[in-house]
Amino acid sequence: MRKKSSLSTLTDKRKERPNESSNWISKNASTASRTRLSWNGSWHQIFSRRDYLAARIAGTNPEFPEQGTPQGGVCSPLLANIALNGIESLGQGVRYADDAVFILKPGESSAQLLVKIESFLAARGMNVSKKKTKVTTSTDGCDFLGWHFYVQRNNGKLRSIPSEENFQAFRAKVKHIVNNSNYGAKTKVSKLAPIVRGWRNYHKYCKMDGSRFSLWYLAKRTHDVFLQQETIDRYQAVEMVKIAFPNPGYSENRFVCVKGDKSPFDGDLVYWSKRNSVLYDGITAKTLRKQHHSCARCGLKFLPGEKVELHHIDGNHHNWRWNNLSALHRSCHQCTHRSKS
């Protein structure tokens with residue numbers, strides 16, 4: 001099968017370039033956008049000899065297929081986790097599917113780590129792409145999962161902002177809706193609100209101040225486009241922009257980590273319910289605290305992974321006052337609307 005892998009490493013080059021930061025990042029990726037995974041290297045980690053024989057008896061052929069999985073396919077992250085399982089032991093770092101960042105201490109060599117990575121990938125029928133290999137200082141930073149991580153030169157603090165590629169893709173999506181003459185102002189508001197809210201929630205632990213990431217220019221452009229519609233005055237345009245560009249807020253580097261001795265299967269519903277409320281912010285967190293981290297309909301605690309949904313008591317989805325909202329399980333929310341209908 002075919003799969004892309006991208007890796008990053010961090011190392012020290014102080015002796016070679018004394019004016020640069022002591023930390024370096026090198027970006028590595030497998031050749032092309034797809035790569036064959038060898039049967040002997042990867043799939044023997046999944047299938048035992050008994051599974052292989054059972055498949056042959058059933059009339060199926062578990063051998064390597066001629067056509068691989070396309071990039072971005074449904075099973076693409078699963079194949080990446082299978083093929084790259086254990087690559088974290090090569091050095092200190094973090095991996096998510098086929099993306100990883102390795103951090104090297106001063107004195108460690110990125111070349112030696114790259115040799116280990118190449119050997120690891122070669123056993124699985126993959127290799128490193130020189131095109132996607134990047135070396136940079138920690139002050140210049142690197143992109144990872146839609147974020148740009150870097151270290152400030154003046155105080156050495158770690159900062160994270162939306163990456164340039166992520167922001168440009170989001171900006172293009174917003175401009176496509178705003179400049180589409182087939183949509184009226186109300187339609188544009190309904191299409192923009194979930195996109196903007198989702199983008200801001202994804203980056204809510206980043207540094208989101210300034211006119212660029214506060215979306216001031218996009219909101220100003222949207223306001224001007226709304227005013228071009230004859231049925232909308234300037235006061236209505238201002239209110240519609242507020243709805244189209246919701247601001248759930250952000251808290252830089254305030255993500256709450258799980259305690260070392262806690263597990264979702266330990267039965268501590270109180271801890272995990274409170275943690276779920278901490279992961280939310282704004283009106284959702286306030287509503288959860290008001291309800292003692294329990295569902296307003298069934299009274300049960302919110303378990304890890306359960307979606308918390310806000311229910312508008314009076315049915316007006318534009319009324320976001322705290323006394324008009326209640327936090328419900330998704331199933332309870334559906335039952336509430338089903339009973340009304």
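Everything below is about the structure printed above this text.
Fair warning: this is a prediction, and the values are worked out from it, not measured in the lab.

1. Some details on the packing of aromatic side chains
For any pair of aromatic rings, the description rests on two quantities: the centre-to-centre distance and the angle between the ring planes.
For step 1, the next point in the chain: Scanning the model with the defined rule gives six aromatic pairs in all.
For step 2, the next point in the chain: With centroids separated by 5.6 Å and ring planes inclined at 90°, the aromatic side chains of Phe167 and Phe213 adopt a geometry described as edge-to-face. Of the two residues, Phe167 sits in helix H4 (residues 164-178) while Phe213 sits in helix H6 (residues 210-213), which places them 46 residues apart along the sequence.
For step 3, the next point in the chain: Ring centres of Phe170 and Trp199 lie 4.3 Å apart, and the angle between their planes is 10°; on these two criteria the pair is classed as stacked. Of this pair, Phe170 sits in helix H4 while Trp199 is found in helix H5 (residues 185-202), placing the two residues 29 residues apart along the sequence. Grouping residues by exposure puts Phe170 and Trp199 together as buried.
For step 4, the next point in the chain: Grouping aromatic residues by their ring pairs yields a cluster made of Phe167, Phe170, Trp199 and Phe213.

2. Topic: helix H7 (residues 216-227)
For step 1, the next point in the chain: When the terminal C-alpha atoms of H7 are compared, their 17 Å separation across 12 residues agrees well with the 16 Å that a helix rising 1.5 Å per residue should span.
For step 2, the next point in the chain: Considered for burial, the residues of H7 that qualify are Leu218, Ala219, Thr222, His223, Val225 and Phe226. Buried positions in H7, seen along its axis, are confined to an arc of 165° and lie on one side of it. Seen from the open side of H7, the exposed residues pointing more than 90 degrees away from its buried face are Trp216 and Tyr217.
For step 3, the next point in the chain: On its buried side, H7 packs onto H4, H5 and helix H8 (234-244).

3. Concerning the nonpolar core
For step 1, the next point in the chain: Phe170, Val174, Leu192, Trp199, Leu215, Phe226 and Phe245 are the most contacted members of the largest nonpolar core, which totals 27 residues.
For step 2, the next point in the chain: Among the secondary structure elements, those contributing two or more residues to this core are strand E7 (147-151), H4, H5, H7 and H8.
For step 3, the next point in the chain: In this structure, Ala83, Ala100, Leu113 and Val128 belong to the second largest nonpolar core, which totals 12 residues.

4. Description of the pairing of strand E8 (residues 158-162)
For step 1, the next point in the chain: Burial within E8 is extensive, with four of its five residues counted as buried.
For step 2, the next point in the chain: Taking the residues between adjacent antiparallel strands as the criterion, E7 and E8 are bridged by six residues, where Gly156 takes a positive phi near 75°.

5. Thoughts on H5
For step 1, the next point in the chain: Counted at 1.5 Å a residue, the expected span for H5 with its 18 residues is 26 Å, and the 26 Å between its end C-alpha atoms agrees.
For step 2, the next point in the chain: Maximum bend of H5: about 25°, positioned at Leu192, with proline Pro194 one to four residues after it.
For step 3, the next point in the chain: Listing the buried residues of H5 in full gives Ala185, Lys188, Val189, Leu192, Ala193, Val196, Trp199 and Arg200.
For step 4, the next point in the chain: Those residues of H5 that are buried are in contact with E8, H4, H6, H7 and H8.

6. Some points on the sheet that holds E8
For step 1, the next point in the chain: Reading across from one edge, E6-E7-E8 is the order of the three strands in this open sheet, with antiparallel pairing throughout. If you trace the sheet from one side to the other, it starts and ends with strand E6 (142-144) and E8, each paired once. Sheet twist, expressed as the mean angle between neighbouring strand axes with direction ignored, is 30°.
For step 2, the next point in the chain: One ladder, built from three bridges, connects E6 with E7; its direction is antiparallel. Within the sheet, the bridge partner assigned to Asp143 lies in E7 and is His148.

Procedures and definitions
Residues numbered from 1 in each chain as written. Predicted model: local features only at pLDDT ≥ 70, side-chain atom pairs only at ≥ 80, totals over all residues. Heavy atoms only, no water. Phe/Tyr/Trp six-rings, centres within 6.5 Å; stacked < 30°, edge-to-face > 60°. Helix = DSSP H or I, 4+ residues; strand = E, 2+ residues; numbered from the N terminus. Buried < 20%, exposed > 50% of the residue type's maximum accessible area, 1.4 Å probe, protein only. Expected span 1.5 Å × (residues − 1). Arc of directions from axis to C-beta. Contact = heavy atoms within 4.5 Å. Core = buried A, V, L, I, M, F, W, Y, C linked by side-chain atoms within 4.5 Å. Pairing = 2+ DSSP bridges. Bend = angle between axes of the 7 residues up to and from the residue. Axes fitted to C-alpha atoms, helices over the stretch in contact; angles between N-to-C directions.

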